[in-house]
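Okay, here's what each chain looks like letter by letter:
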Amino acid sequence: MNRTSSTFSWGALALLLGLLLASCVTSEKDPGSGGTTTTGGEAVTPLPKVDLPTGKQVSGTPTRVPFILWGGDMATFYGNRGTRTLEGSVFAKHGLNVELVRGDDFAAQVEDYKAGRSPYLRGTFRMVGMVMAELCEDPNTCPMPVMQMTWSAGDHMVARGEITDLKSLKGKTGAIQKGGPHVGMMDDILRDAGLGWDDINVVWMDNVTGENSPASEYRSNESIDFAFAITPDMFGLTGGLDTAGTGAEGTVKGARVAVSTAERSYTIADMYFVRPDYYRDHAADVQKFAVAYLESVEQVIDLKKAYEASGSDAVSY
């Protein structure tokens, strides 16, 4: 997940922790049994079995910290040992008490941040950039960067066969999550193609995955020429990064990855920001949060290496 130096396109391990802890996966069979797993009704590669964390929560009132359905947040969950800080966790060892809350509805997350319900803002660099002018009307809410977590390696533009190159996006219709992490990626793609936003038609979706998401709209609406998808949805639509959907096993016939951050490594920067007024009074806690996150990244990298070396189908917290 430390995408500044490596990436979190880690297959089953990343998908498992990121999606399970975000409560976004429903399984038809036990993922550890090798059965089919679904997300938003779409097939995903079977995942290894995971022993979810148990233990006693740290006492006291937690600080609310948002997360988004993103690979970079896997280390946050690992370090916290779930949505609430558990005793013995990395975060607890650094004196933190955190409650992780959903932040994929970025507009709602911004409102919580403005109201002080959470001192942190979690998004990509350009997601926060889109609301910077609004938030900086008040110096107490003008977002202060805490750290860059990752560079994305698991975000994709899925397109139908008639889109043969970026210039052929002109006049086409795409589905994108409004206010989400793929807006900046689309902007980069348009710039590379010598196009602007007026050259495409956009259907804005509420969610990044599941119902009312770009992937679900692409699947159900043939007038959508391209859509942005996170890795599990991309696999569900195309069957793989370098393959085209055949219509079998839930894939969409002709769907393929046209652009991916697996190659465009420096397109999406995952960030944490904090309120300046909170930092003034809690600078040490903010610094501990950054240190705990980075320590968690190191431990997850060690887990990844051990998983790859052992070939085990189980992942222990």
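This text goes with the structure placed above it.
Residues numbered from 1 in each chain as written. Predicted model: local features only at pLDDT ≥ 70, side-chain atom pairs only at ≥ 80, totals over all residues. Heavy atoms only, no water.

Enquirer: What am I meant to see in the nonpolar core here?
Expert: Nonpolar side chains in soluble globular proteins generally cluster together in the buried interior. With 22 residues, the main nonpolar core has Met157, Leu169, Met186, Ile189, Phe226 and Phe228 as its most contacted residues. Broken down by element, this core gets its largest block of residues, 6 residues, from helix H6 (residues 182-193). Residues contacting phenylalanine 226, with those up to four places away along its chain left out, are Met157, Val158, Ala159, Ile163, Leu169, Lys172, Thr173, Gly174, Ala175, Met186, Ile200 and Tyr218. (Core = buried A, V, L, I, M, F, W, Y, C linked by side-chain atoms within 4.5 Å. Buried < 20%, exposed > 50% of the residue type's maximum accessible area, 1.4 Å probe, protein only. Helix = DSSP H or I, 4+ residues; strand = E, 2+ residues; numbered from the N terminus. Contact = heavy atoms within 4.5 Å.)

Enquirer: Help me understand the sheet that holds strand E10 (residues 173-177), please; the structure alone is not making it clear to me.
Expert: Hydrogen bonding along the main chain pairs the strands of a sheet, whether they run parallel or antiparallel. Taken in spatial order, the 5 strands line up as E11-E10-E12-E9-E13 in an open sheet, and their pairing is mixed. Looking at the sheet topology across the chains shown, the edges are occupied by strand E11 (201-205) and strand E13 (256-260). With strand direction ignored, the average angle separating the axes of adjacent strands in the sheet is 35°. Two elements, strand E9 (residues 155-159) and strand E12 (residues 226-230), share 5 bridges in a ladder whose sense is antiparallel. The partner of methionine 157 across the bridge, within E12, is phenylalanine 228. (Pairing = 2+ DSSP bridges. Axes fitted to C-alpha atoms, helices over the stretch in contact; angles between N-to-C directions.)

Enquirer: How should I be thinking about the sheet that holds strand E8 (residues 144-151) in this particular structure?
Expert: The antiparallel open sheet is built from 3 strands, whose spatial order is E7-E14-E8. For this open sheet the edge positions go to strand E7 (120-124) and E8, each flanked by a neighbour on one side alone. For this sheet, the mean angle separating the axes of adjacent strands, direction not counted, is 20°. In this structure, E8 lies alongside strand E14 (residues 269-274), joined through 6 bridges in antiparallel fashion. In the sheet register, tryptophan 151 faces E14, and the bridge partner there is alanine 269. This element, helix H4 (residues 106-115), spans E7 and E14 of the sheet and lies at about 155° to E7.

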